[in-house]
Amino acid sequence: MLEAPMKILILIAFICPFSLAFGADFYSNSLNDYNILSKATWKPIKVKRNYIQYELAKNISEGPRKLEFNYTFYRARKKRQGELLILFPTISGVTVLEKTLAKYFSNRGVDVVIPVSMVRDFKFNSDTVKAMDEGFWRSIIQTSSVLKDLRRVRDYKKTYVMGGSQGGTRAAMILGRGLNIDKAYTFVAGGDFAKIFAQSKVQKVKDLRTNHMNALGLRSAELYENYLRENIKFHPEENCSRRKSKLKMLIATRDSSVPTATQVSLWKGCGYPERQSIETGHVLGVLSMWWYRKKALEYFRL
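Residues numbered from 1 in each chain as written. Predicted model: local features only at pLDDT ≥ 70, side-chain atom pairs only at ≥ 80, totals over all residues. Heavy atoms only, no water.

## With respect to the nonpolar core
Quick reminder of the rule: By convention a nonpolar core is built from buried Ala, Val, Leu, Ile, Met, Phe, Trp, Tyr and Cys residues, the set being connected through side-chain atoms within 4.5 Å. Burial here depends on accessible area, computed with a 1.4 Å probe over protein chains only, as a share of the maximum for the residue type. Under 20% is buried, over 50% is exposed, and the range in between is partly exposed. Secondary structure follows DSSP: runs of H or I at least 4 residues long count as helices, runs of E at least 2 residues long count as strands, and numbering of each begins at the N terminus. Residue contacts follow a heavy-atom distance rule, with two residues in contact if any of their heavy atoms lie within 4.5 Å.
If you look at the biggest cluster of nonpolar residues, it comprises 57 residues, and the most contacted ones within it are Val161, Phe197, Tyr224 and Leu228. Broken down by element, this core gets its largest block of residues, 8 residues, from helix H2 (residues 128-153). What Leu228 contacts, discounting residues up to four positions off in sequence, is Val129, Met132, Ala194, Phe197 and His212. The next biggest cluster of nonpolar side chains, apart from the first, holds 27 residues, and it includes Tyr104, Phe105, Ala252 and Val286.

## Overview of the pattern of salt bridges
Once their charged atoms are close, side chains differing in charge can pair, the charge on each being opposite to the other. For clarity, the threshold we go by: Definition used for salt bridges: Asp or Glu carboxyl oxygen within 4 Å of a side-chain nitrogen of Lys or Arg.
Applying the stated criterion across every chain yields a total of 10 salt bridges. In this structure, the salt-bridge partner of Arg152 is Asp149, at a minimum N-O distance of 2.6 Å. One end of the pair is Arg152 and the other is Asp149, both in helix H2 and 3 residues apart, which spans about a single turn. For Lys195, the salt bridge is made with Glu225, and the minimal N-O distance between the two is 3.5 Å. Of this pair, Lys195 sits in helix H4 (residues 193-199) while Glu225 is found in helix H6 (residues 221-231), placing the two residues 30 residues apart along the sequence. Glu225 gets classed as buried once you look at its relative accessible area, which sits at 13%. Each of Asp192, Lys195, Glu225 and Arg229 takes part in a single network of salt bridges with overlapping partners.

## Brief notes about the side chain of Arg177
We count it as follows: Any pair of N or O atoms that falls within 3.5 Å is considered a polar contact. Within protein, one atom must be able to donate a hydrogen and the other to accept it, and sequence-neighbouring residues count only if both atoms are side-chain atoms.
Relative to the helices and strands, Arg177 is located in the loop between helix H3 (166-173) and strand E10 (183-187). Polar contacts involving the side chain of Arg177 include one to the side chain of Asn239, which spans 2.5 Å.

## Re the pairing of strand E6 (residues 83-88)
Counted only if it meets this: Any two strands are treated as partners once DSSP identifies two or more bridges connecting them. When the strands point away from the viewer, a crossover counts as right-handed if the route from the first strand across the helix to the second turns clockwise.
Counting buried positions along E6 gives 6 out of 6 residues, so the element sits mostly inside the fold. Bridge count between E6 and strand E7 (residues 110-115): 4 bridges; the pairing is parallel. Paired with Leu84 across the two strands is Asp111, which belongs to E7. In terms of handedness, the path from E6 via helix H1 (residues 96-106) over to E7 forms a crossover that is right-handed.

## Overview of H2
Rules: Expected helix span is taken as 1.5 Å per residue step, with the number of steps being one fewer than the number of residues.
The end-to-end C-alpha distance of H2, which contains 26 residues, comes to 38 Å, matching closely the 38 Å that a straight helix rising 1.5 Å per residue would cover. For H2, the buried fraction is high: 20 of the 26 residues fall into the buried class.

## With respect to the packing of helix H5 (residues 203-216) against H6
This is how the line gets drawn: Whenever a helix is involved, its axis is fitted only over the stretch in contact; in every case the axis is a line through C-alpha atoms, and angles between N-to-C directions fall within 0 to 180 degrees. We call two directions roughly parallel when the angle between them is under 35 degrees, roughly antiparallel when it is over 145, roughly perpendicular when it lies between 65 and 115, and oblique otherwise. Throughout this entry, Asp, Glu, Lys and Arg are counted as charged residues, while Ala, Val, Leu, Ile, Met, Phe, Trp, Tyr, Cys and Pro are counted as nonpolar. The remaining residues, Gly among them, count as polar.
Between H5 and H6, the least distance of the axes is 11 Å, while the angle of their chain directions is 85°. Comparing the axis directions of H5 and H6 gives the class roughly perpendicular. Residues Leu208, Arg209, His212, Met213 and Leu216 of H5 form the contact with H6, whose own contacting residues are Ala221, Tyr224, Tyr227 and Leu228. Each residue belonging to the contact of H5 with H6 can be placed in one class, and the counts come to 7 nonpolar, 1 polar and 1 charged.

## Considering the packing of H1 against helix H10 (residues 293-301)
Selection rule: Crossing chirality is assigned from the near helix's rotation relative to the far helix, an anticlockwise turn below a right angle marking it left-handed and a clockwise turn marking it right-handed.
Where H1 meets H10, the axes come as close as 11 Å, and the angle between the chain directions of the two elements is 45°. Judged by the inter-axis angle, H1 sits oblique to H10. Between H1 and H10 the crossing geometry is right-handed. Of H10, the residues touching H1 (which contributes Leu101, Tyr104 and Phe105) are Arg293, Lys294, Ala296, Leu297 and Phe300. Of the residues assigned to the contact of H1 with H10, the class counts are 6 nonpolar, no polar and 2 charged.

## Remarks on the state of the cysteines
Each disulfide consists of a covalent bond between the sulfur atoms of two cysteine residues. Inclusion rule: Here, the term disulfide refers to a pair of cysteine sulfur atoms separated by no more than 2.5 Å.
Throughout the structure, instances matching the rule amount to 1 disulfide. A disulfide bridge connects Cys240 with Cys270, and the sulfur atoms are separated by 2.0 Å. Of note, the bridge from Cys240 to Cys270 carries an S-S torsion of about 115° and is right-handed in sense. Separated by 30 residues along the polypeptide, Cys240 in helix H7 (residues 236-240) and Cys270 in the loop between helix H8 (260-269) and strand E12 (274-278) bring together distant segments of the chain. The exposure class of Cys240 is buried, given its relative accessible area of 0%. Residue classification places Cys270 among the buried positions, given a relative accessible area of 2%.

This is the structure in structure tokens:
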């Protein structure tokens, strides 16, 4: 069977079976060898009038390997009422959009942490789908662990999550994990991972699909979607269905990057929360995070 090496943006996080009181179903057997090696280290990199920007890092073990996971943290210098926003980046990573949003919220008294995705090398073969599942789980653990660290040193009365595209899906995924999230706002976030990976027109996803299909000997996107549907074990709809947080979702009705049908699937899986629909495609849907920033802050603080 062919193996095609490729660098791809993977959601990396870690697991510690003793760190959070989740049910046994939370843990994938393949992740049992993840252990936290250190608390987050803080490195101030920018001091502004209304916020201080830090780089946070945590070390974990992944079997015999040691990995470092990073976050960008904006500590508001004028705390309003002890608020934290977890801002999940898109597949493009921490861009001007995320940085600008973080500054907007921290300037108004809200601490902001951005979990930074990492680039990994891996090979495409019959085990690739397992690596995909692990990546989804690691995203949750990455978030839950840094949240524990931040709550240890800062007194938060409210915690919010927000993200667009892949970041919106990550935000929805953690809502059913017992992390005491008060409110969430997602933009063009999708469920039904099999359909996303088989149909998305995002170039990074198309590259993954082509390499994975070639390795598996599959000749059509339909066959690939069926294969993923049978083999992917992680489903964001299942996680979100257990949410206790208040959730608001924005759906783009002309989206081919995170197909609109997958956005509706996640909305249904999350229990039909408050929904906005906009007649646009994916890029403008993601940029809506900036246009709706004031409404998002008002929504969080209601």
